[in-house]
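Take a look at the letters that make up each chain.
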Amino acid sequence: MKIKETELITFEEAFASTRREMVDRFTKHVSPIEARFFRLLDADKRYVKAEGIRIFDEQGEEYLDFTAGYGSLSLGHNPTEVLTAVQQAAALPTVFSFFVGIHPLVGALAENLHRLLPGHPDVSCFGSGGAEAVEIALKTARSSTGKKRFIYADGSYHGQSFGSLSLTGRTYRRYFEPLLPNCENVPFGDLQALESKLRQGDVAAFIVEPVQAEGGCNIPSKGYLPGAQELCNKYDALLILDEIQTGFGRTGRMFAAEHDAVKPDIVVVSKALSAGVLPMSASATSHEIWKKAYDKEDSWGSLISTFRGNPKACAAALKAIEILVRDGLVEHAREMGEYALQRLQDLKTRHRNIKEVRGIGLLLGIEFSSENTSNFILSRMLNQHHVILGSFDHRPDMLRLQPPLVVQKEEIDRAIEALDEACGKSRIGLALGAGKTAIGRAVRPPK
Ligand code: PLP
């Protein structure tokens, strides 16, 4: 097909799009269903500036972002030092492609991950997103053990690719079946159920999140993860720990594994790895497992992926990790998380529509009496108070507070005071029919 330059939208035109053009193009050419969701929530705004936890729309209105890209924007929006590192990497006159050579940033990042990650894995296989890292982990487990089956926990979320979706417990699955065979679920936190699956001896790996994020902020009881690790050792299966959402300070420790001293065989990370500035993920394991999986005559090429170890993404990750450690942000997240949880618990004593609050570090969830209440509050928080909250994929009756790790006490106070007002208003609002499940219907496909 021949197309003239004048028939295409230039970068400059795209950048200068009006809100209307932006919404129309997104609706027509990207995702009609998400466009409907944003419209119903009145969230199809054109944001023009974002810095740290703050976002500004065209009218100059300020919003606090308590979603932080579901954990990826650990340093907030547009962290200057990370952006500068990316620009510097782009300007380096070195070779960028894995197909022609090795870049210095990729090995340096892998060495830092070796020093930092739970269990100090020797080798990192890089990818672009969380699901890709999960896929690599699954292949590593199968190839190194020679076994077929995978076990996952109910309420888990590991991604939307075929393999990771096969280990994710939720309804999205049903439209895409058949998924990967030999994947079986056990209740989260249940070691007996896990052992009964492992006992058959043909399990390649058990994959688990140290704290379930999309499942609704579920924290396992002490001993669960080390217990799972022991069982996996006993039956020669691998333990894959999914730290994609919990890693790099989110739970008030560098990794959530540290809450219960677990040393997984494979650990997968993404999101905050590069502070959400560029797509990056990794699946990391020991030399021993890596060798068993990939040091075979005909398996060398099986790790190939065009954008693997992209130097600009490596630069973002190196700088993001440096800032996290230098600025004591893990300890800060712990302190802010404890403060926010305490304030949420106080709020619960005053509002009957709050059933429960729970969380760890800056991964916090509020369970409401109904999905309608949660929708009403989500919308009121955004439109009345300019505080953006998130929901959990598996729990439409819950809202999440997951701000960047750089959040300050005053910002937490502003969110809690807004929540106080919104919770108080929700009974009247719902009686008047506001908040109904319109938002819920917009995001869930029709039955
Ligand atoms: N694993 C966990 C725990 C996640 O929270 C997510 C995404 O939210 C994924 C895996 C998938 O990551 P991605 O969306 O980058 O594919």
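Residues numbered from 1 in each chain as written. Predicted model: local features only at pLDDT ≥ 70, side-chain atom pairs only at ≥ 80, totals over all residues. Heavy atoms only, no water.

1. A look at the overall build of the chain
The condition is simple: Labels follow the DSSP assignment, with helices taken as runs of H or I lasting at least four residues and strands as runs of E lasting at least two, numbered in each case from the N terminus. Restricting the calculation to C-alpha atoms gives the radius of gyration, and the globule rule supplies 2.2 Å times the number of residues raised to the power 0.38. Residue contacts are counted whenever heavy atoms from the two residues lie within 4.5 Å of one another. A 1.4 Å probe and the Shrake-Rupley method give the accessible areas. Residues count as covered only by the protein chains that appear here. For the purpose of charge, His is not counted, nor are the chain termini; Lys and Arg are scored as positive and Asp and Glu as negative. Each charge is placed at NZ for Lys, CZ for Arg, CG for Asp and CD for Glu.
If you tally the helices and strands in the chain, you get 15 helices and 15 strands. Its C-alpha radius of gyration of 22 Å places the chain within 12% of the 22 Å reference for a compact globule of 447 residues. Considered along the principal axes of its C-alpha atoms, the chain spans approximately 65 × 60 × 45 Å. Across the chain, contacts joining residues at least 24 apart in sequence account for 73% of those joining residues at least 6 apart. Accessible area for the chain stands at about 20,900 Å²; split by element, carbon and sulfur atoms hold 53% of it. Positive and negative side-chain charges of the chain, numbering 54 and 56 respectively, have mean locations separated by a distance of 5 Å.

2. Topic: a nonpolar patch on the surface
Quick note on the threshold: A patch consists of residues exposed above 30% relative accessible area that lack any salt bridge, with like charges linked at up to 9 Å and nonpolar side chains (Val, Leu, Ile, Met, Phe, Trp, Tyr) linked at up to 5 Å. Any Lys or Arg side-chain nitrogen located within 4 Å of an Asp or Glu carboxyl oxygen qualifies as a salt bridge.
A surface patch of nonpolar side chains, amounting to about 390 Å² of accessible area, comprises M1, I3 and L8. Mapped onto the elements of the fold, I3 is located in the segment before α1 (11-15).

3. A look at the packing of aromatic side chains
A ring pair, where both rings are aromatic, is described by two values, the distance of the centres and the angle of the planes. This is how the line gets drawn: Each Phe, Tyr or Trp ring, with Trp reduced to its six-membered ring, pairs with another whose centre is within 6.5 Å; inter-plane angles below 30 degrees give stacked pairs, above 60 give edge-to-face pairs, and intermediate values give tilted ones. Should the NZ of a Lys or the CZ of an Arg lie within 6 Å of a ring centre and within 35 degrees of the ring normal, that charge is described as sitting over the ring.
Applying the stated rule across the entire model yields eight aromatic pairs. Its guanidinium or amino end placed over the ring of F56, K49 lies 5.0 Å from that ring's centre, counting from NZ or CZ.

4. Quick look at the pattern of salt bridges
Put simply, the rule reads: Burial classes follow relative accessibility: with a 1.4 Å probe on protein chains only, a residue under 20% of its type's maximum area counts as buried, one over 50% as exposed, and anything between as partly exposed.
One pass over the structure, following the stated rule, counts 26 salt bridges. Here E62 and R54 are joined by a salt bridge, their closest N and O atoms 3.2 Å apart. Using a relative accessible area of 24% as the deciding quantity, one classes E62 as partly exposed. What makes R54 partly exposed here is its relative accessible area of 26%. The partner of E367 in a salt bridge is R395, and the shortest N-O contact between them spans 3.3 Å. Of this pair, E367 sits in strand β12 (residues 363-368) while R395 sits in strand β15 (residues 395-401), and the two are 28 residues apart along the sequence. Comparing E367 with R395 shows no difference in burial state: the two are buried. The network of salt bridges with shared partners includes K355, E356, R358, E367, R395 and D397.

5. Here's the deal with the domain arrangement of the chain
The following threshold applies: Domains are outlined according to an automatic or database domain assignment. Each of two parts loses accessible area, computed with a 1.4 Å probe, when they are put together; buried area is these two losses added. Counting of polar contacts relies on pairs of N or O atoms within 3.5 Å, with two restrictions inside protein: one atom must be capable of donating a hydrogen and the other of accepting it, and residues adjacent in sequence are counted only when both atoms are side-chain atoms. Throughout, the ten residues Ala, Val, Leu, Ile, Met, Phe, Trp, Tyr, Cys and Pro are labelled nonpolar, Asp, Glu, Lys and Arg are labelled charged, and all others, Gly among them, are labelled polar.
What the domain assignment lists for the chain is domain 1 (22-38 + 45-78 + 328-443) and domain 2 (80-326). On a C-alpha basis, the centroid separation for the pair domain 1 and domain 2 is 27 Å. If you look at the interface, domain 1 gives 33 residues, while domain 2 gives 37 residues. Interface of domain 1 and domain 2: buried area, both sides summed, is about 2,700 Å²; carbon and sulfur atoms make up 58% of it. Interface area lost by domain 1 to domain 2 is led by I360, D393 and H394, which between them contribute 25%. Our enumeration of links across domain 1 and domain 2 arrives at one salt bridge. When the shortest N-O distance is used, the salt bridge between R400 and E214 registers 2.6 Å. At the junction of domain 1 with domain 2, the criterion picks out 18 residue pairs in polar contact (both at pLDDT 80 or more). Among the secondary structure elements, those contributing two or more residues to the side of domain 1 that touches domain 2 are α12 (329-350), β11 (354-360), β12, β14 (390-392) and β15. Grouping the constituent residues of the side of domain 1 that touches domain 2 by class yields 16 nonpolar, 12 polar and five charged.

6. Observations concerning the environment of G189
For G189, the position within the fold is in the loop between β6 (183-186) and α8 (191-198). Look at G189 and you get partly exposed, because its relative accessible area is 37%. With 234 residues separating them along the chain, G189 and C423 place their C-alpha atoms 31 Å apart.

7. A short note on the packing of α8 against helix α9 (residues 224-234)
Each packed pair of helices is defined by two parameters, the angle between the axes and the distance between the axes. Here is the rule we go by: Angles here are taken between N-to-C directions and fall from 0 to 180 degrees, while the axes themselves are lines fitted to C-alpha atoms, restricted in helices to the stretch in contact. An angle below 35 degrees is read as roughly parallel, one above 145 as roughly antiparallel, one from 65 to 115 as roughly perpendicular, and any other as oblique. Put simply, a crossing is left-handed when the front helix is turned counterclockwise from the back one by less than a right angle, and right-handed when it is turned clockwise.
The geometry of α8 relative to α9 is characterised by a closest axis approach of 10 Å and an angle of 15° between their N-to-C directions. Between α8 and α9, the angle falls in the class roughly parallel. At the point where α8 passes α9, the crossing takes the right-handed sense. Judged by residue contacts, L191, L194, E195 and L198 of α8 engage Y224, G227, A228, L231, C232 and K234 from α9. Classifying every residue of the contact of α8 with α9 by side-chain character gives seven nonpolar, one polar and two charged.

8. Focus on unusual backbone geometry
Note the cis peptide between E177 and P178, where omega equals 5°. Its location among the elements puts P178 in the loop between α7 (162-165) and β6. A positive phi is found at A68, a non-glycine position, where the angle reads about 45°. Residue placement: A68 occurs in the loop between β3 (62-65) and α4 (80-91). In this structure A68 comes out as buried when scored by relative accessible area, which is 0%.

9. So, helix α5 (residues 104-116)
The condition that has to hold: Between the first and last residue of a helix there are one fewer steps than residues, each counted as 1.5 Å, and that sum is the expected span. As used here, the arc belongs to the directions running from the helix axis to the C-beta atoms.
Its 13 residues place the ends of α5 19 Å apart at the C-alpha level, agreeing with the 18 Å of an ideal helix rising 1.5 Å per residue. Among the residues making up α5, those that are buried are L105, V106, L109, A110 and L113. For α5, the buried positions fall inside an angular range of 135° around the axis, keeping them on one side. Opposite the buried face of α5, at more than 90 degrees from it, the exposed residues are P104 and R115. Turning to α5, the residues buried within the fold contact α4, β4 (123-127), β10 (281-285) and α11 (311-326).

10. Here we look at the environment of A316
By secondary structure assignment, the location of A316 is in helix α11. Judged by its relative accessible area of 0%, A316 is buried. The spacing of A316 and L278 is 38 residues in sequence and 6.9 Å in space, taken between C-alpha atoms. The residues contacting A316, other than those within four sequence positions of it, are V82, V86, S274 and V277.

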